[in-house]
Amino acid sequence: MTKVKYLFSTPRGELQAPENLLRKGLKANIRTTIEHFTLSDYFHSIEDIILQHQDELPTDDRSIMNSREIKELSIVMEKCGTHYQVSRIGMVTNRAEKQDLALITAFDHKSRNILKRDYRFLSHLWQTRHRKVVPRPISISDVEICSSSNTYPVTISIMEWLNGFFEWHFSQLGDDNLFGIVIWQPGTGIVPLKEKDDENKVFENIAEIIAYCFDPFDLRQICLWSNAAGDFVVGWDEKGIFSAKLTTIRKYSCIPAPDPLAQEERLVFSLLYLLLDLTLNIRLDRIDGTKGYFFAGPEILKPVIKGFFKGLRALREEKYIGSDPIWGFLSLIGSLNSRDLMDLYQGLMDFYGSWNRSDEAFLQEKLASHCKQLATLLKGLSDPPLLPSKIFPEVFSPPV
């Protein structure tokens, strides 16, 4: 007999779902509540799905459960987002094996298609990159969740749960109008990062992932990523090493280059727009994740540039890209002034408009100062304090 718990994740830890809340209508996302379908119905449906398919679920050693039986099952509602319900599935088997999985449910037609696309992109990066910077995708399927009188078609994806990684945001620290990064740690609450170097590592690691996920062949990049939506989570491994992970990919596509260009020129152009998109978007957040827009100061650009080139170095080491285009790209960006950057960014803003980004007007307000700050930094790329050649010898050695 499986022991089952229905829980909510809160800053105080996991709390048992009270009966009065279980009887309320299910929120499909932050905008929509499903009438005549309760939270209890949802929990029961997920329980049935997990127990019926337990033989297909992986364990910590990534093997198949086979004859293993789930003895304890916890379904923890973690987050209600713009498109999905995110739950954490905790399992203990009859062999005392423990496993946490992420179960993501999409309800309406648009959200279901977005989830399928997201799963496809995550699977592509998991399979094609040596470094695992995204959670391991396990399965995705269209199913029906049931109540006593209704059925509701949904799409459910199951992925690795990133234990030890947490959502982060900018928050006001104290009463002196200073802002810094905090992480949301269930059971502990909001935890400020204690060291300035940890904040730098947040941006360096995110930039490294964005660059590392670039596809030099099809010229695709991760688009529409958002700090405010919690797309990146951060944490420390068992050795105390800080790292970041990317949890979702809404759009993975190419920003078209002007025609006609040779393939290597298109590659350099795409790298340029990858850097422009990265350096602007990484400065954008919402205070505490839900309040007004926040634009981080120019001091974060230095670790961002460093992380960007670390990502390109990783691509080079995995034979995705050669030194020549990187060296040509480095020469190009060092020659750009703030007016050049403004002209280039206007093209990017056109893409933002076509993607219906709600933050486009806010970014437009910040663009002029951003271009001045970025141009100053790019001019100094050869300065040893910023990018010492000993860190990137393969990237910064000129072609023979």
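Data block above holds the structure.
Here the structure is a predicted model, which means the values were calculated and not measured.

Reading the values: the criteria
Residues numbered from 1 in each chain as written. Predicted model: local features only at pLDDT ≥ 70, side-chain atom pairs only at ≥ 80, totals over all residues. Heavy atoms only, no water. Axes fitted to C-alpha atoms, helices over the stretch in contact; angles between N-to-C directions. Helix = DSSP H or I, 4+ residues; strand = E, 2+ residues; numbered from the N terminus. Parallel < 35°, antiparallel > 145°, perpendicular 65-115°, else oblique. Contact = heavy atoms within 4.5 Å. Nonpolar A, V, L, I, M, F, W, Y, C, P; charged D, E, K, R; others polar. Phe/Tyr/Trp six-rings, centres within 6.5 Å; stacked < 30°, edge-to-face > 60°. Lys NZ or Arg CZ within 6 Å of the ring centre and 35° of its normal. Salt bridge = Lys/Arg side-chain N within 4 Å of Asp/Glu carboxyl O. Buried < 20%, exposed > 50% of the residue type's maximum accessible area, 1.4 Å probe, protein only. Pairing = 2+ DSSP bridges. Polar contact = N/O pair within 3.5 Å; in protein donor to acceptor, adjacent residues only side chain to side chain.

Participant: Help me get a handle on the packing of helix α5 (residues 263-281) against helix α8 (residues 338-354), residues and values and all.
Facilitator: Remark: α5 packs on α8, axes separated minimally by 11 Å, with the N-to-C direction vectors making an angle of 80°. By the angle between their axes, α5 is roughly perpendicular relative to α8. Of the residues in α8, those in contact with Leu 272, Tyr 273, Leu 276, Asp 277, Thr 279, Leu 280 and Asn 281 of α5 are Leu 341, Leu 344, Tyr 345, Gly 347, Leu 348, Met 349 and Tyr 352. The residue makeup of the contact of α5 with α8, split by class, is 10 nonpolar, three polar and one charged.

Participant: Give me the packing of aromatic side chains: which residues, what numbers.
Facilitator: Evaluated as defined, the whole model comprises 22 aromatic pairs. A ring pair is formed by Phe 217 and Tyr 320, whose centres lie 6.1 Å apart and whose planes are at 50°; its orientation type is tilted. Separated by 103 residues along the polypeptide, Phe 217 in the loop between α4 (196-212) and β13 (221-223) and Tyr 320 in the loop between α6 (301-317) and α7 (323-333) bring together distant segments of the chain. For Arg 286, the ring lying beneath its charged end belongs to Tyr 293, and the centroid distance is 4.1 Å.

Participant: Help me get a handle on the pattern of salt bridges, residues and values and all.
Facilitator: Counted under the stated rule, the structure contains 14 salt bridges. In this structure, the salt-bridge partner of Glu 167 is Lys 79, at a minimum N-O distance of 3.2 Å. Here Glu 167, found in strand β10 (residues 165-173), pairs with Lys 79, found in strand β5 (residues 70-80); they are 88 residues apart in sequence, far enough to count as distant. The buried category is assigned to Glu 167, whose relative accessible area is 14%.

Participant: Could you give an account of the sheet that holds strand β12 (residues 189-192), naming the residues involved and the relevant values?
Facilitator: Read across the open sheet, the five strands follow the order β12-β11-β10-β14-β15; overall the sheet is antiparallel. A single partner strand is all that each edge strand has here, and the edge strands are β12 and β15 (242-246). Adjacent strand axes in the sheet meet at a mean angle of 45° when their direction is disregarded. Alignment of strand β14 (residues 232-236) against β15, held across five bridges, turns out to be antiparallel.

Participant: Could you give an account of the pairing of strand β11 (residues 178-185), naming the residues involved and the relevant values?
Facilitator: Along any regular strand the residues' side chains alternate between the sheet's two faces. In this structure, β10 lies alongside β11, joined through six bridges in antiparallel fashion. Within the sheet, the bridge partner assigned to Trp 168 lies in β11 and is Ile 183. Where β11 lies against β12, four bridges are found, and the strand directions are antiparallel. Along β12, the bridge assignment pairs Ile 183 with Val 191. Here β11 folds back onto β12 in antiparallel fashion, the turn holding three residues, of which Gly 187 has a positive phi close to 90°.

Participant: An account of the side chain of Thr 10 is needed here, citing residue identities and associated values.
Facilitator: Inspection of the secondary structure puts Thr 10 in strand β1 (residues 3-10). Engagement of the side chain of Thr 10 in a polar contact is seen with the backbone oxygen of Gly 13, the distance being 2.7 Å. Residues within four places of Thr 10 in sequence aside, it is in contact with Leu 15, Pro 186 and Gly 187.

Participant: Account for the sheet that holds β1, with residues named and values stated.
Facilitator: With mixed pairing, seven strands are arranged side by side in an open sheet as β2-β1-β5-β6-β7-β9-β8. Because the sheet does not close on itself, it has two edges, and the strands there are β2 (13-16) and β8 (137-146). In this sheet, neighbouring strand axes are inclined to one another by 30° on average, regardless of whether the strands run parallel or antiparallel. Here β5 pairs with strand β6 (residues 84-93) via nine bridges, running antiparallel.

Function cannot be read off these values alone, since they describe shape.
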